[in-house]
Amino acid sequence: MATIFTKIINGEIPSYKVAEDENYFAFLDINPNAKGHTLVIPKQEVNKIFDLDESTYSGLMSFAYRVAKALEKSVVCKRIGMSVVGLEVPHVHVHLIPITIMDDMRFTKKEKLSNEEFVALASSIARNFE
Ligand code: 5GP
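Residues numbered from 1 in each chain as written. Predicted model: local features only at pLDDT ≥ 70, side-chain atom pairs only at ≥ 80, totals over all residues. Heavy atoms only, no water.

Engineer: Report on the overall build of the chain, specifying residues and quantitative values.
Structural biologist: Scanning the chain from terminus to terminus reveals three helices and five strands. Along its sequence from the N terminus, the chain presents helices and strands in the succession α-β-β-β-α-β-β-α. Expected size for 130 residues packed as a compact globule is a radius of gyration near 14 Å; at 14 Å, the chain falls within 12% of this value. Split into buried and exposed, the 130 residues of the chain put 45% on the buried side. Taking the intrachain contacts of the chain between residues at least 6 apart in sequence as the baseline, contacts between residues at least 24 apart amount to 58%. Averaged over its 15 positive side-chain charges, the chain has a centre that lies 6 Å from the centre of its 17 negative ones. (Helix = DSSP H or I, 4+ residues; strand = E, 2+ residues; numbered from the N terminus. Rg over C-alpha atoms; globule rule 2.2 N^0.38 Å. Buried < 20%, exposed > 50% of the residue type's maximum accessible area, 1.4 Å probe, protein only. Contact = heavy atoms within 4.5 Å. Lys, Arg positive; Asp, Glu negative; His and termini not counted. Charge placed at Lys NZ, Arg CZ, Asp CG, Glu CD.)

Okay, structure coming up:
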């Protein structure tokens, strides 16, 4: 059965997309730790990050690098934190989180955003993505 993230890639479930190419996809986390919290995923459906083949893993990191650069231009923060957990959704995803305080990296601190805020953030990050 397709993962929830594959359904997002295929447009069967809506998302706030920020970037996409042939192999990778990036979209805003629906329950963000901080404004701009973005998930970067390979289109290939693999559960654990270190089960990716090395070139897909490297490509994912390069794509995440470009998304992080766009995030830095779009969100006020001290830096972009990066984390891979994967206990909730069995489809590789890299969390890119604009952080100001250590708590921004804790997945117990959550930010409530309106639809308008999500839309504005996604379009700003997408505009800055190169
Ligand atoms: P992890 O698997 O690394 O623990 O976290 C999964 C992440 O995916 C969580 O931060 C959660 O908020 C996010 N997430 C789960 N379901 C959806 C969804 O349907 N849409 C989006 N945009 N994010 C989701």
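Engineer: Explain a nonpolar patch on the surface to me, using residue names and the numbers behind them.
Structural biologist: Taken together, Val85, Leu87 and Phe107 make up a surface patch of nonpolar side chains, about 320 Å² in accessible area. With respect to the helices and strands, the residue Val85 is situated in the loop between strand 4 (79-83) and strand 5 (94-99). (Patch = residues over 30% accessible without salt bridge, like charges linked within 9 Å, V, L, I, M, F, W, Y side chains within 5 Å. Areas by Shrake-Rupley, 256 points an atom, 1.4 Å probe, with all protein chains shown as cover. Salt bridge = Lys/Arg side-chain N within 4 Å of Asp/Glu carboxyl O.)

Engineer: Now, about the nonpolar core: what can you tell me, with residues and values included?
Structural biologist: Val18, Leu28, Val40, Leu60, Phe63, Val67 and Leu96 are the most contacted members of the largest nonpolar core, which totals 28 residues. The set of elements that each furnish at least two residues to this core consists of strand 1 (17-20), strand 2 (24-28), helix 2 (54-74), strand 5 and helix 3 (115-128). No other element matches helix 2, which puts seven residues into this core. Other than its neighbours up to four places away in sequence, Val40 contacts Phe25, Ala26, Leu60, Phe63, Ala64, Val67, Val92, His93, Val94 and Leu96. One finds Ile8, Ile9, Phe25 and Phe27 within the second-largest nonpolar core, a separate group that totals eight residues. (Core = buried A, V, L, I, M, F, W, Y, C linked by side-chain atoms within 4.5 Å.)

Engineer: Describe the packing of aromatic side chains, naming the residues involved and giving the relevant values.
Structural biologist: Describing an aromatic ring pair means giving the distance of the ring centres and the angle of the ring planes. Overall, the coordinates contain six aromatic pairs when judged by the stated rule. When the ring of Tyr16 is compared with that of Phe118, the centres are 4.7 Å apart and the planes differ by 10 degrees; the resulting orientation is stacked. Of the two residues, Tyr16 sits in the loop between helix 1 (4-9) and strand 1 while Phe118 sits in helix 3, which places them 102 residues apart along the sequence. On the basis of relative accessibility, which here comes to 6%, the residue Phe118 falls in the buried class. Aromatic side chains Phe50 and Tyr57 sit 5.8 Å apart centroid to centroid with 40 degrees between the ring planes, which places their arrangement in the tilted category. Residue Phe50 is classed as exposed on the basis of its relative accessible area of 69%. Three or more aromatic residues joined by ring pairs form one cluster here, namely Phe5, Phe25 and Phe27. (Phe/Tyr/Trp six-rings, centres within 6.5 Å; stacked < 30°, edge-to-face > 60°.)

Engineer: Residue-level account of the pattern of salt bridges, with values.
Structural biologist: This model, assessed by the stated rule, comprises seven salt bridges. For Glu20, the salt bridge is made with Lys43, and the minimal N-O distance between the two is 2.7 Å. In this pair, Glu20 is assigned in strand 1 and Lys43 in the loop between strand 3 (38-42) and helix 2, connecting sequence segments 23 residues apart. Taking the relative accessible area as the measure of exposure, Lys43 reaches 25% and is therefore partly exposed. Residue Asp104 is joined to Lys109 by a salt bridge in which the shortest nitrogen-to-oxygen separation is 2.8 Å. For Asp104, a relative accessible area of 5% corresponds to the buried category. Among the ionic contacts, a cluster of salt bridges with common partners joins Lys17, Glu20 and Lys43.

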